[in-house]
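Listed here are the chains, written in short residue letters.
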Amino acid sequence: MKTTLLATILFTAMLAAPCLAQSQFSIRLVEARQSGGADPQDGVGLEDVIDMLKRHLVSARYRFVDSCTVKLPADDTLTLGEYTVKCSGNRKNLSVTVLRFGKQVLKTASVQLKDKKPFIIGGLPGKTGLMLLVFMGAD
Amino acid sequence: MMKKFTSGRIKELLGGRASAQAPDAVEFWSDFRARAKLVNQDRLGEPVAVPFAVRWRVAATACAAVVVAAGGLFLFRGDPGEEPTGQMTLDVTAAHSAVLVIEDESSQGTIVWIVGMEDGESNGDRA
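Residues numbered from 1 in each chain as written. Chains lettered and ligands numbered in written order. Predicted model: local features only at pLDDT ≥ 70, side-chain atom pairs only at ≥ 80, totals over all residues. Heavy atoms only, no water.

Digging into the overall build of chain A
Scanning chain A from N- to C-terminus turns up two helices and eight strands. Starting at the N terminus and ending at the C terminus, chain A contains elements arranged as α-β-α-β-β-β-β-β-β-β. Accessible surface, chain A as shown: approximately 6500 Å² in total, 55% of it carbon and sulfur. (Helix = DSSP H or I, 4+ residues; strand = E, 2+ residues; numbered from the N terminus. Areas by Shrake-Rupley, 256 points an atom, 1.4 Å probe, with all protein chains shown as cover.)

Describing the side chain of A:Asn90
Residue and element names in this part refer to chain A. Note that Asn-90 resides in strand β4 (residues 83–90). When its relative accessible area of 5% is taken as the criterion, Asn-90 is described as buried. One polar contact links the side chain of Asn-90 to the main-chain amide nitrogen of Lys-92, over a distance of 3.0 Å. Looking at Asn-90, its side chain comes within polar contact range of the main-chain nitrogen of Asn-93, at 2.9 Å. (Buried < 20%, exposed > 50% of the residue type's maximum accessible area, 1.4 Å probe, protein only. Polar contact = N/O pair within 3.5 Å; in protein donor to acceptor, adjacent residues only side chain to side chain.)

Quick notes on the confidence of the model for chain B
Residues and elements named next belong to chain B. Averaged over all residues, the pLDDT of chain B is 77; the fraction at 70 or higher stands at 76%. Here helix α1 (residues 7–21) stands out as the least confident element of chain B, with mean pLDDT 71; strand β3 (residues 110–115) is the most confident, with 92. For this predicted complex, the interface confidence score (ipTM) comes to 0.81, while the overall pTM stands at 0.61. (pLDDT = per-residue confidence, 0-100.)

Section: the layout of surface pockets
Rolled over the atoms, a probe as big as a water molecule pinpoints where empty space is left. Taken as a whole, the largest pocket encloses approximately 340 Å³ of empty space. As for the largest pocket, its lining consists of 14 residues, and the residues nearest its centre are A:Gln112, A:Lys114, A:Phe119, B:Glu103 and B:Thr110. (1 Å grid on protein atoms, 1.4 Å probe; cavity = no way out; pocket = protein on both sides within 12 Å on 5 of 7 lines; lining within 4 Å. Points joined across faces, edges and corners; volume = space filled by probe spheres on them.)

Topic: unusual backbone geometry
Residues and elements named next belong to chain A. Omega for the peptide link from Leu-72 to Pro-73 comes to -5°, which places this bond in the cis form. Mapped onto the fold, Pro-73 is located in the loop between β2 (61–71) and β3 (74–80). With a phi angle near 50°, Phe-101 is a residue other than glycine that sits in the positive phi range. Within the element layout of this structure, Phe-101 appears in the loop between β5 (93–100) and β6 (103–111). Classification of Phe-101 as exposed rests on a relative accessible area of 62%. Look at Ser-110: it is not a glycine, yet its phi comes out positive at around 60°.

A closer look at the nonpolar core
Counting 30 residues, the largest nonpolar core has A:Phe25, A:Ile27, A:Cys87, A:Leu124 and A:Phe135 as its most contacted members. Leaving out residues up to four positions away in the same chain, A:Leu124 has contacts with A:Tyr83, A:Val98, A:Val105, A:Leu106, A:Gly129, A:Leu130, A:Met131, A:Leu133, B:Ile114 and B:Met117. Core analysis: the next-biggest nonpolar cluster, separate from the first, contains 18 residues, A:Val30, A:Ile50, A:Leu132 and B:Ile102 among them. (Core = buried A, V, L, I, M, F, W, Y, C linked by side-chain atoms within 4.5 Å. Contact = heavy atoms within 4.5 Å.)

Some thoughts on the sheet that holds strand β8 (residues 130–137) of chain A
Here six strands make up an open sheet; going across it, the order is β2(A)-β1(A)-β8(A)-β7(A)-β3(B)-β2(B) and the pairing mixed. Of all strands in the sheet, those bounded by a partner on one side alone are β2 of chain A together with β2 (98–103) of chain B. Shown here is a sheet whose adjacent strand axes are inclined to one another by a mean of 20°, direction ignored. Two strands pair when backbone bridges link them, and strand β7 (residues 119–125) of chain A and β8(A) are joined in this way by six bridges, in the antiparallel orientation. The residue of β8(A) that forms the bridge with A:Pro125 is A:Leu130. (Pairing = 2+ DSSP bridges. Axes fitted to C-alpha atoms, helices over the stretch in contact; angles between N-to-C directions.)

Encoded structure:
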């Protein structure tokens, strides 16, 4: 009986796992700096996007600052460092509003989040460098 | 080189050996019965009696598994995945110089880079 129950739970979890994984995305706040001393934390937590960033941007260092996960369909207001990010909509039609210190900085709509394909909003002002918001749909 | 035998020759060879080694039927069955008596044959072949409660539990567990799986898939089926409504739009409220959209071929990702926003100097872009 216990074996049957365990098998049932495992089977259910296996069925549900892909669905659960696909119903969310992550947002990471990243600081980009051109100068300053090397930090051992540079690039940590950004392994999946660091090559892309270095290919297109000249900033030497990228430091992970904060992150959060948003379930889809989204209707959330999140705080990442000094930024507030409002997300609404679904994977193929996401609206994102970015505020800094409560003041709207930008708003984007009809964003399509693809699995493991980053969508990055960069050039946002920060205390010591430029900030980036990295959106990544889960596979 | 394979040696070929006719069917008659094969029968002759096998028949001779089989008749030489074939046991006596009476002796064989006598031995078989003696061996069979050593094993308790009473319960062999009887259907295993499963208590009603156990059968009910198994059935209930199976039903519950199906219901849970179906419910889980329904509740957590995730984003219904509406079709995209069109091109992405961007409205930069803060003062800025320009907006660059970079499509990365290898990762198939997109970078939207806002140049010269507010107090930040957008000197991080190469494009």
